[in-house]
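If you want the building blocks of each chain, they are given just below.
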Protein chains: 2
Amino acid sequence: MIQSFIKKGSFQDSVSLMLISKKLSNLEEVDEVSVMMGTPANKSLLVATGFWSDTFNQATPNDICVAIKTHDDASDAIDLIRSQLEEALKNIAQQQQGGSKLLKARRLATANRKLPDANLVLISIAGEYAAELAEQALDENKNVMIFSDNVSLEDEIRLKKSAAAKDLIVMGPDCGTAIIAGAPLAFSNVIPKGNIGVIGASGTGIQEVISQIALLNQGITQAIGLGGRDLSQAVGGISALTALTMLAADKQTQVITFISKPPAESVRIKVINAMKQIAKPIVALFLGSRIDKRQDDNIFFASTLDEAARLACLLAKVESAMSTLPSVDHQTIMGLYTGGTLASEAAMLLANQLNLLLSDNHDKGIMFDQQGHKIIDLGDDFYTVGRPHSMIDPSIREHAIAQLGEQTGVGVLLLDLVIGYGANANPAESIISGYNKAIAQRSSHHPLIAIATVTGSESDPQCRSKQIAALQSAGITVMDNLPEAILLATKLITPANKIDCLKPYPLLDHISVINAGLRSFAEDLQSSNIPVVHYQWAPIAGGNQKLAAILKKLN
Amino acid sequence: MIQSFIKKGSFQDSVSLMLISKKLSNLEEVDEVSVMMGTPANKSLLVATGFWSDTFNQATPNDICVAIKTHDDASDAIDLIRSQLEEALKNIAQQQQGGSKLLKARRLATANRKLPDANLVLISIAGEYAAELAEQALDENKNVMIFSDNVSLEDEIRLKKSAAAKDLIVMGPDCGTAIIAGAPLAFSNVIPKGNIGVIGASGTGIQEVISQIALLNQGITQAIGLGGRDLSQAVGGISALTALTMLAADKQTQVITFISKPPAESVRIKVINAMKQIAKPIVALFLGSRIDKRQDDNIFFASTLDEAARLACLLAKVESAMSTLPSVDHQTIMGLYTGGTLASEAAMLLANQLNLLLSDNHDKGIMFDQQGHKIIDLGDDFYTVGRPHSMIDPSIREHAIAQLGEQTGVGVLLLDLVIGYGANANPAESIISGYNKAIAQRSSHHPLIAIATVTGSESDPQCRSKQIAALQSAGITVMDNLPEAILLATKLITPANKIDCLKPYPLLDHISVINAGLRSFAEDLQSSNIPVVHYQWAPIAGGNQKLAAILKKLN
């Protein structure tokens, strides 16, 4: 049977009440206890779940409805639960008093006064009230993140259109995760700072990708949530397009990663076109859609979250290397390899990147020779007849590198460095010597950028990290593998798309939050040193929406 | 002009002499100096490179030919070089005396006596003599690695056929890299022990793949070299097939990685068929060939060295996890996820692996439901109406996990664990509690294997590694990402191919080497604690091949 009572005028957030429900349900004296605010949606739910009692007709959205299910007529259960509930509410009040001093406000206007630079309202109140609060926030030119679900599609479209017209963003509804200007918003993770900006229509999608990015020792700038319906035909990707513009303008973001389920076709075309306008590489994961080509212009398609993270990290390393190197637009690439297979793979990757054909003729170890770009295998018989392999005796390569001093058309030098038993005791030395000779002959107008990959392990006699450190201290860029090295080389010789002077979104540089709903979200922000005021939202006029509308008009 | 002299009866290996050439060429008094043994091939080379002098007609393959190029008639150059050469030879002799005590032999028979269990002869003598020595080694039932190049195709085919008939392998000619039973052979790297066996027709290809494997914190069992011509039509992949059989029988090898240029079509078919007979996953990289499908039976195709290493490591982790888990052949998989996107990706990957279709209907969060296998998103509205999301309140999943105790048809449980701000303070606790309840109801005949992935970072409040450690100590397997988890799950329910009791190759368990040619190869083996004797090979009968043939017949 169901016993019930109402606790009047004590608004609590849903998570607090659900934790109380769970605790009370564990008591031996009862089967199950449901504790909810008396909102219309919750009342329907109480009916649907068999917890309804006519007592609840009297409850407003500001009152707590308590329903107790017992299998026998345990008449003392109601007193027990009443006293346990009071104690639980007292505990919450005490917890909220103690600990960190959270700025609080009972009205939005007060919150605004306490945090005048607030530029985002984080909304996790009951869904039926979320749209109205979001609208108020937009009216005051604040961005909005709606964690709540149960917001109508019409409200979502209206809010997003209104935001876009003001260069603001609405993340959500049902947006579980965002990290903006270092602020953890709702479900989020502590990820190192980096150069990858993430946009996602899925909360755990964002969380998994940024976690994998952290595992790969890279980091992020921002993670912008959209809500699961943003890329539907009806919404048309309004927030996705805003988020792309935001990250396009964000100086710290060098690589963009975009995660969603497959968008509606018309939205997909819009989003892809917007992506192509951005002078940054973009990883796109449309989860579950077939990938026909892996790369389209500046867009790299991934098929799993794991792969999206890996591609983003590859691009992040390339972009980060690029930003420290001078421009060698329209110059050529020269690869001088000692390893035959390394030369052959480098040639294949270079041909792919430049959309050129590989030749089958490898005369004199020339693996690639097109439009001035060359990849040469100096381990070819042509170079080793009568002398040790260039992995043992690096003098032939040292000489070839030095000669690039005069070949000012060559802007990028690609190299391998192979260590291990049998190989030269210090291959870095000869590379550096050749490179120093070459650049000594070059003026600052004709830079020669050297990019090396290292084959061999940390335990090899020459030690991988020591060889890498030696190369780096001579100004040679070291990449982790050939795909990274070749992508960097081709990007260096390709003139960057003209970047329009994009209008920055101030939100990405500094965030200051009004939190309405789950108090723990405010506490997480505070513990991350983000300015926050907790708006102790409760339904206006006791949740009577008609009265509330009249009161609003009187304001 | 060219000045010249002969140093009689002093055989040195080619690397030593080339290093001497280089050092002498650096002297101010000369333009360039060439120092070579008087073999027929070297004599041709001296002609071709403009270093010929008629003096050299008198030289045998056991004599050193010295040619000095000067631009003026510096008549004292010859005396200078002569004395410098003597000093260099003395230095080599001293170096060879000092340091580690290398076992040495002047005849192959002596080498055999000094190292009776020798089972591999490593040959790096001049190419024109390599085949004969290799044949002697095979006659004595020893495996062979031929580092030397310039061995004829006919010799290669004959040697490999003769080896195959005796269950021996010939690696090479022109085989630069191998690591057998922990022995670094020729150009090789120091790589952690692991469960990946590598086969390669390319030296630096092997080196790069094993280096990347080490960077990904995995390790290798063996690296078997083939030589660049093994997969040609003419040779027909004789050593490739032997190497596959060797690794198929090698207990430590759980994953095979095969690297070569695209083989001749007939050889490709033969090799692929042989791979499919092996009850182990195989990564195949045919460098430069187009990949039509990524997976064919147990073969995973890679397109770069980097990707080959990554795939091998993924499979290595899966195989290594499998070998610690009980069999759940023909049982079903149940995925209980709290993250919607994680559930959705898990469903997609599972459908791919099992060759089943995904349904579009995701009623009650059921993302996949085919042939008894299910993936459920417990974050779906169906489960969260009226209660916090299961990432906050894990009780609904705990209950669902516990119920699997009775569902004995379920053999594998897939899980996510999401941490970070907003999420439950200790999700591992609830998973472990549910899992313990489930397995308490299972008998040892009905194991329930739990496989989790963790979303979140090391810096999150709950700490990634602590959550992982908690799961692992409860007997739950933790994989790094969803593709690994799903692959492991599907392999666990798939009965293993019957492995025939394969004849092991003793070489892979214990190696003992006779080294003929470059002395440094013997030193590297010795420093790695591999039994080795250095056979101080020199051309028989002063290099007169006719006389040598007669002498051989008289034996």
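Above this text is the structure in question.
Please read these numbers as outputs of a predicted model, since none were measured by experiment.

(A) Structural detail: the interface of chain A and chain B. At the junction of the two partners, chain A supplies 66 residues and chain B supplies 68 residues. Between chain A and chain B, the buried area comes to about 5,400 Å², and carbon and sulfur atoms account for 64% of it. At the boundary of chain A with chain B, the tally comes to 2 salt bridges. As a salt-bridge pair, B:K22 and A:D393 come within 3.5 Å of each other at their nearest N and O atoms. Our enumeration of links across chain A and chain B arrives at 29 residue pairs in polar contact (both at pLDDT 80 or more). For the side of chain A that touches chain B, the elements supplying multiple residues, two or more each, are α1 (14-25), β9 (183-186), α7 (203-215), α10 (305-322), α11 (340-354), β20 (449-455) and α17 (519-527) of chain A. Broken down by element, the residue count for the side of chain A that touches chain B peaks at 8 residues, all from α7(A). Residue composition of the side of chain A that touches chain B, by class: 27 nonpolar, 26 polar and 13 charged.

(B) Seen up close, the nonpolar core. Ranked by internal contacts, the top residues of the largest apolar core, which has 222 residues, are A:L185 and B:L185. Residue contacts for B:L185: discarding those within four places in its chain leaves B:L120, B:L122, B:M145, B:M171, B:G176, B:T177, B:A178, B:I180, B:I511, B:V513 and B:L525.

(C) Quick peek at the packing of aromatic side chains. In total, this model carries 14 aromatic pairs over all chains according to the counting rule given. Considering the side-chain rings of B:F147 and B:F187, the 5.6 Å spacing of their centres and the 70° angle between planes classify their relative orientation as edge-to-face. Taken as a pair, B:F147 in the loop between β6 (143-146) and α6 (153-165) and B:F187 in the loop between β9 (183-186) and β10 (193-200) lie far apart in primary sequence, 40 residues in all. B:F147 gets classed as buried once you look at its relative accessible area, which sits at 18%. By way of ring pairs, the aromatic residues A:F11, A:Y129 and A:W537 are connected into one cluster. Sitting above the plane of the A:F5 ring, A:R82 keeps its charged end 4.5 Å from the centroid.

(D) Just the sheet that holds strand β18 (residues 373-377) of chain A, in detail. All names here are of chain A. With mixed pairing, the 6 strands of this open sheet are ordered in space as β17-β18-β16-β19-β20-β21. Two strands lie at the open edges of the sheet, namely β17 (366-370) and β21 (477-479), each paired on one side alone. Direction aside, neighbouring strands of the sheet carry axes that sit 15° apart on average. Strands in contact with helix α16 (residues 482-493) are β16 (332-337), β18, β19 (410-418), β20 and β21; relative to β20, the strand with the most contacts, it is inclined by about 175°.

(E) Structural view of the relation of the copies chain A and chain B. Of the two same-sequence chains, chain A is brought onto chain B (RMSD 0.1 Å, axial shift 0.0 Å) by a rotation of 180°. Taken together, the rotation angle and the small translation identify this as a two-fold axis. Minimal C-alpha separation from the rotation axis in chain A is found for A:L216, amounting to 5.2 Å.

(F) Spotlight on helix α14 (residues 427-440) of chain A. All names here are of chain A. When the terminal C-alpha atoms of α14 are compared, their 20 Å separation across 14 residues agrees well with the 20 Å that a helix rising 1.5 Å per residue should span. All of the buried residues in α14 are P427, A428, S430, I431, I432, G434, Y435 and A438. On its buried side, α14 packs onto α13 (395-403), β19, β20 and α15 (464-473).

(G) Summary view of the side chain of B:D13. Residue and element names in this part refer to chain B. Note that D13 resides in the loop between β1 (2-7) and α1 (14-25). As a buried residue without a salt bridge, D13 has its nearest oppositely charged side chain in R519, at a separation of 7.1 Å. Within the structure, the side chain of D13 is placed 3.1 Å from the backbone nitrogen of V15, a separation counted as a polar contact. A distance of 2.8 Å separates a polar atom in the side chain of D13 from the backbone nitrogen of S16. Setting aside anything within four residues of it in sequence, one finds D13 in contact with G517, L518 and R519.

(H) Local environment of the pattern of salt bridges. All names here are of chain A. As enumerated under the stated definition, the model contains 40 salt bridges over all chains in all. Note that K7 and E86 form a salt bridge whose closest N and O atoms lie 3.0 Å from each other. Taken as a pair, K7 in strand β1 (residues 2-7) and E86 in helix α3 (residues 77-97) lie far apart in primary sequence, 79 residues in all. Its relative accessible area of 21% is what places K7 among the partly exposed residues. By relative accessible area, E86 is classed as partly exposed at 33%.

(I) Examining the side chain of A:S21 more closely. Residues and elements named next belong to chain A. Turning to its location among the elements, S21 is positioned in helix α1. A polar contact of 3.1 Å, which involves the side chain of S21, links it to the backbone nitrogen of V35. Excluding residues within four positions of it along the chain, S21 makes contact with V33, S34 and V35.

(J) Region of the structure containing the environment of A:K280. Residue and element names in this part refer to chain A. Note that K280 resides in the loop between α9 (265-276) and β13 (282-286). Considered as a pair, K280 and V255 are 25 residues apart in the sequence and their alpha carbons are 5.9 Å apart. There is a polar contact of 2.8 Å between the side chain of K280 and the backbone oxygen of L247.

(K) Quick peek at the state of the cysteines. Counted by the stated rule, this structure contains 0 disulfides over all chains. The thiol sulfur of B:C463 is not disulfide-bonded, and the nearest other cysteine sulfur, from A:C313, lies at 20 Å. Given the relative accessible area of 11%, B:C463 is considered buried.

(L) A look at the pairing of strand β15 (residues 299-302) of chain A. Residues and elements named next belong to chain A. The two faces of β15 match: I299 and F301 on one face and F300 and A302 on the other face are all buried. With 4 bridges joining them, β13 and β15 adopt parallel strand pairing. Note that in β15 the partner of V283 across the bridge is F300. Relative to β15, strand β14 (residues 295-296) is paired through 2 bridges, and the arrangement is antiparallel. Bridge pairing in β15 places D296 opposite I299. Where β14 hands over to β15, the hairpin turn is made up of 2 residues, of which D297 adopts a positive phi near 60°.

(M) Spotlight on the sheet that holds strand β2 (residues 32-37) of chain B. Residues and elements named next belong to chain B. An order of β1-β3-β2 is seen for the 3 strands of this open sheet, with the pairing classed as antiparallel. Each edge of the open sheet is held by one strand with a lone partner, namely β1 and β2. Geometrically, the sheet is characterised by an average inter-axis angle of 15° between neighbouring strands, direction not taken into account. Examined bridge by bridge, β1 and strand β3 (residues 64-69) share 6 bridges and lie antiparallel to one another. Looking at the pairing, K7 lines up with I64 of β3. Together, β2 and β3 form the strand contacts of helix α2 (residues 40-48), whose direction differs from that of β2 by roughly 160°.

The rules we used
- Residues numbered from 1 in each chain as written.
- Chains lettered and ligands numbered in written order.
- Predicted model: local features only at pLDDT ≥ 70, side-chain atom pairs only at ≥ 80, totals over all residues.
- Heavy atoms only, no water.
- Contact = heavy atoms within 4.5 Å.
- Buried area = accessible area lost by both parts, 1.4 Å probe.
- Salt bridge = Lys/Arg side-chain N within 4 Å of Asp/Glu carboxyl O.
- Polar contact = N/O pair within 3.5 Å; in protein donor to acceptor, adjacent residues only side chain to side chain.
- Helix = DSSP H or I, 4+ residues; strand = E, 2+ residues; numbered from the N terminus.
- Nonpolar A, V, L, I, M, F, W, Y, C, P; charged D, E, K, R; others polar.
- Core = buried A, V, L, I, M, F, W, Y, C linked by side-chain atoms within 4.5 Å.
- Buried < 20%, exposed > 50% of the residue type's maximum accessible area, 1.4 Å probe, protein only.
- Phe/Tyr/Trp six-rings, centres within 6.5 Å; stacked < 30°, edge-to-face > 60°.
- Lys NZ or Arg CZ within 6 Å of the ring centre and 35° of its normal.
- Pairing = 2+ DSSP bridges.
- Axes fitted to C-alpha atoms, helices over the stretch in contact; angles between N-to-C directions.
- Least-squares fit on C-alpha atoms with pLDDT ≥ 70 in both.
- Expected span 1.5 Å × (residues − 1).
- Lys, Arg positive; Asp, Glu negative; His and termini not counted.
- Disulfide = S-S within 2.5 Å.

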